[in-house]
Amino acid sequence: MYANFPPQFLAFLKENHIDPSVYDVQGGLPRYVRIVRYKQRTASEIQRLVKQTQHDAGCTVTEVAGVPGFLEIADQSVKLAQLQGYGSGDLVGMDVSSGIAVHALSVAPGDNVLDLCCAPGAKLLLLAEQSMDTIAPGSVTGVDNSSHRIATCRSLIKKHAGRTRGIVRLFAADGTNFACHAPRKLWWDAQAVGAFAQQNPAVAVAADSSVANERPWFAPRLLSTAYACSGTALYDRVLVDAECTHDGSLVHIRKYGEQWGWEQLGSQASGSGRTQPVPVLQSRLLENGWRLLKPGGVLVYSTCSLSRFQNELVLGGFLARHGDDEASVEPIPLFDEKDSGCEIEALPIWKPETDEEWVRHGLGSQLRALFQRMQHAARLDPRVSNTSGMFIARIRKIGDNSKGTIETEIVPLGQSSMT
Ligand SMILES: C[S@@+](CC[C@H](N)C(=O)[O-])C[C@H]1O[C@@H](n2cnc3c(N)ncnc32)[C@H](O)[C@@H]1O
């Protein structure tokens, strides 16, 4: 694969200090799928599904230890369409690295979750399964600024979510200034909605359908009411799976060779058509997600890029704006807890090794403390993790919400050396 890369992409790898050998393991990476509604299935149902998938794939299929619901298909060339479980809606294509990013949020049933860059929706679907509670359902709010990609999300939800579909609302909106708060308590209770409508006839007519931030693009009726949409509650969990250059997703890179043409990879990496540098966009998304997270809540920042400019330096800029009395980067439970059973290995974060390197990146050595604060973030790397590349940081909000609003000037660390 590496031999086909266009010069622009090779230059991108060099500028971003990404070792091209990462793409050599492509032949060896397995394909991953996820069993939807895993928790609701019996052990024998799961066994049947694994056996059927093995039969359809014609190779070994095993459950991924410690990451519930994920199956590893030994032969990466297996197509989803050849799997009966995919056709029946029991399986979705999802790399296990994405599953780890979702699990890092520790969503509990009943949580209100915000997914700020949600399309095409594999993580959104899993989040919805995790926040579902039959007595007091949680909710998942998905936001994406691409209307055709959000339509893909809707199809995915319709095909796979089952009853969980009732707790998902989708917004076609810009995540950097998205402002709709979490649904009010009891949004699912028709009596509460009716009482609100009686007491607030002016508000209750409808949320403003002309404002993307106030009216979901797709939602069940009860999640579209003015009652649900006009509160000021913050979210329990926020996922910022930020727009990035996708260079760590080997499946994505392979598609340039198979479908889109290698030359497209060059122009995509060089950022043509983008209105702002990717790390600036990422920082803005992260900042807005943080603004909408409640104190005590958890935000996961993830990208499928291996570039330090989109990962550690974005996170470092964020931590520089939010002190340790406000934001704490916590260990990722699947990697940290001995009994998690997770056998997937992660690499530590990148950090400058020498004083010269600190200076070259425009970082004063006093910023070492910032890297100390982010030591629990992790990198999944195809060479050691046997998954696609992924950067994951789990950040707990300790303090209040008063600092670091989206109006704050946002500068990722080392921006001067960004492409
Ligand atoms: C890495 S993908 C997200 C993948 C998704 N979380 C999933 O698991 O399927 C990044 C997404 O961010 C969206 N995006 C880019 N800029 C955005 C913005 N300003 N606001 C919201 N979404 C944005 C893109 O359209 C793209 O769908």
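As the structure is a prediction and not an experimental result, all values here were calculated from the model. (Residues numbered from 1 in each chain as written. Predicted model: local features only at pLDDT ≥ 70, side-chain atom pairs only at ≥ 80, totals over all residues. Heavy atoms only, no water.)

Turning our attention to the pattern of salt bridges. Taken as a whole and judged by the stated rule, the model has 13 salt bridges. For Glu312, the salt bridge is made with Arg379, and the minimal N-O distance between the two is 2.8 Å. With Glu312 in helix H14 (residues 312-321) and Arg379 in strand S11 (residues 378-380), this residue pair connects regions lying 67 residues apart in the sequence. With a relative accessible area of 0%, Glu312 lands in the buried category. Here Asp381 and Arg383 are joined by a salt bridge, their closest N and O atoms 2.7 Å apart. Three or more residues are tied together by salt bridges with common partners; here these are Asp19, Asp381 and Arg383. (Salt bridge = Lys/Arg side-chain N within 4 Å of Asp/Glu carboxyl O. Helix = DSSP H or I, 4+ residues; strand = E, 2+ residues; numbered from the N terminus. Buried < 20%, exposed > 50% of the residue type's maximum accessible area, 1.4 Å probe, protein only.)

Attention shifts here to the site of the ligand. The ligand sits among 21 residues. The nearest are Gly121, Asp144, Arg149, Gly175 and Asp241. Within the backbone of Gly121, one N or O atom sits 2.9 Å away from an oxygen atom of the ligand. Here an oxygen atom of the ligand sits 3.4 Å away from a polar atom, N or O, in the main chain of Ala122. Protein chains bury 92% of the 610 Å² of accessible surface belonging to the ligand in isolation. Of all the secondary structure elements, the ones that give two or more residues to the shell around the ligand are helix H5 (122-131) and helix H13 (278-291). Looking at the shell around the ligand residue by residue, the class counts come to ten nonpolar, five polar and six charged. (Near = heavy atom within 4 Å. Polar contact = N/O pair within 3.5 Å; in protein donor to acceptor, adjacent residues only side chain to side chain. Areas by Shrake-Rupley, 256 points an atom, 1.4 Å probe, with all protein chains shown as cover. Nonpolar A, V, L, I, M, F, W, Y, C, P; charged D, E, K, R; others polar.)

Our next topic: the confidence of the model for the chain. When pLDDT is averaged along the chain, the result is 89, and 90% of the positions lie at 70 or above. Scored below 50 in pLDDT, residues 402-408 makes twelve contacts in the model with residues more than four places away or belonging to other chains. (pLDDT = per-residue confidence, 0-100. Contact = heavy atoms within 4.5 Å.)

Attention now moves to the packing of helix H1 (residues 7-15) against helix H12 (residues 262-269). At a minimum axis distance of 7 Å, the contact between H1 and H12 shows a crossing angle of 40°. Relative to H12, the element H1 lies oblique. As H1 packs across H12, the resulting crossing turns out to be left-handed. For the pair H1 and H12, contact is made by Gln8, Phe9 and Phe12 and by Leu265, Gly266, Ser267 and Ala269, respectively. (Axes fitted to C-alpha atoms, helices over the stretch in contact; angles between N-to-C directions. Parallel < 35°, antiparallel > 145°, perpendicular 65-115°, else oblique. Left-handed = near helix turned anticlockwise from the far one by under 90°.)

In this section: the nonpolar core. If you look at soluble globular proteins, the nonpolar side chains tend to sit buried side by side. Among the nonpolar cores identified, the biggest contains 46 residues, and Val67, Leu124, Leu127, Leu170 and Ile392 are the most heavily contacted of them. Those elements that place two or more of their residues in this core are helix H4 (96-103), H5, helix H6 (147-160), strand S7 (168-172), strand S9 (293-303), S11 and strand S12 (390-397). In terms of residue count, H5 provides more of this core than any other element does, five residues in total. If sequence neighbours within four positions are ignored, Leu124 has contacts with Asp115, Cys118, Val140, Gly142, Cys153, Ile157, Val168 and Leu170. Ranked by size, the runner-up nonpolar core spans 41 residues in total, among them Leu114, Cys117, Leu315 and Phe318. (Core = buried A, V, L, I, M, F, W, Y, C linked by side-chain atoms within 4.5 Å.)

Across the sheet, which stays open at both edges, the four strands sit in the order S2-S3-S1-S4 with antiparallel pairing between neighbours. The sheet terminates laterally at strand S2 (61-63) and strand S4 (91-93), the two strands that pair on one side only. If you compare each strand with its neighbour and ignore which way they point, the axes differ by 30° on average. Pairing of S2 with strand S3 (residues 70-73), which is carried by three bridges, proceeds in the antiparallel orientation. For Thr62, the partnering residue across the bridge sits in S3 and is Glu72. (Pairing = 2+ DSSP bridges.)

This part takes up the environment of Arg396. Within the secondary structure, Arg396 sits in strand S12. For Arg396, a relative accessible area of 23% puts it in the partly exposed group. For the pair Arg396 and Ser328, spaced 68 residues apart in sequence, the C-alpha separation works out to 5.2 Å. With residues up to four places along the chain from it excluded, the contact list for Arg396 reads Trp290, Gly296, Gly297, Val298, Glu326, Ala327, Ser328 and Glu330. From its side chain, Arg396 meets the backbone oxygen of Gly296 in a polar contact 2.9 Å long. There is a polar contact of 2.9 Å between the side chain of Arg396 and the side chain of Glu330.

Attention now goes to the layout of surface pockets. Estimates place the volume of the second largest pocket at around 600 Å³. Lining of the second largest pocket is provided by 27 residues; of these, Lys39, His103, Leu126, Glu129 and Gln130 occupy positions nearest its centre. Of all the elements in the fold, those that place two or more residues in the lining of the second largest pocket are H4, H5 and helix H15 (333-336). If one sorts the elements of the lining of the second largest pocket by residue count, H5 sits on top with three residues. (1 Å grid on protein atoms, 1.4 Å probe; cavity = no way out; pocket = protein on both sides within 12 Å on 5 of 7 lines; lining within 4 Å. Points joined across faces, edges and corners; volume = space filled by probe spheres on them.)

Right, let's get into the UniProt feature "active site" (unreviewed entry) in the chain. The sites that UniProt annotates as "active site" (unreviewed entry) are Cys304. On the secondary structure map, Cys304 appears in the loop between S9 and H14. A relative accessible area of 18% means that Cys304 is categorised as buried. Sequence-distant contacts of Cys304, that is, excluding residues within four places in its chain, are made with Cys244, His246, Asp247, Gly248, Ser249, Gly389 and Met390. (UniProt positions renumbered as here; feature names shortened; annotations may be inferred.)

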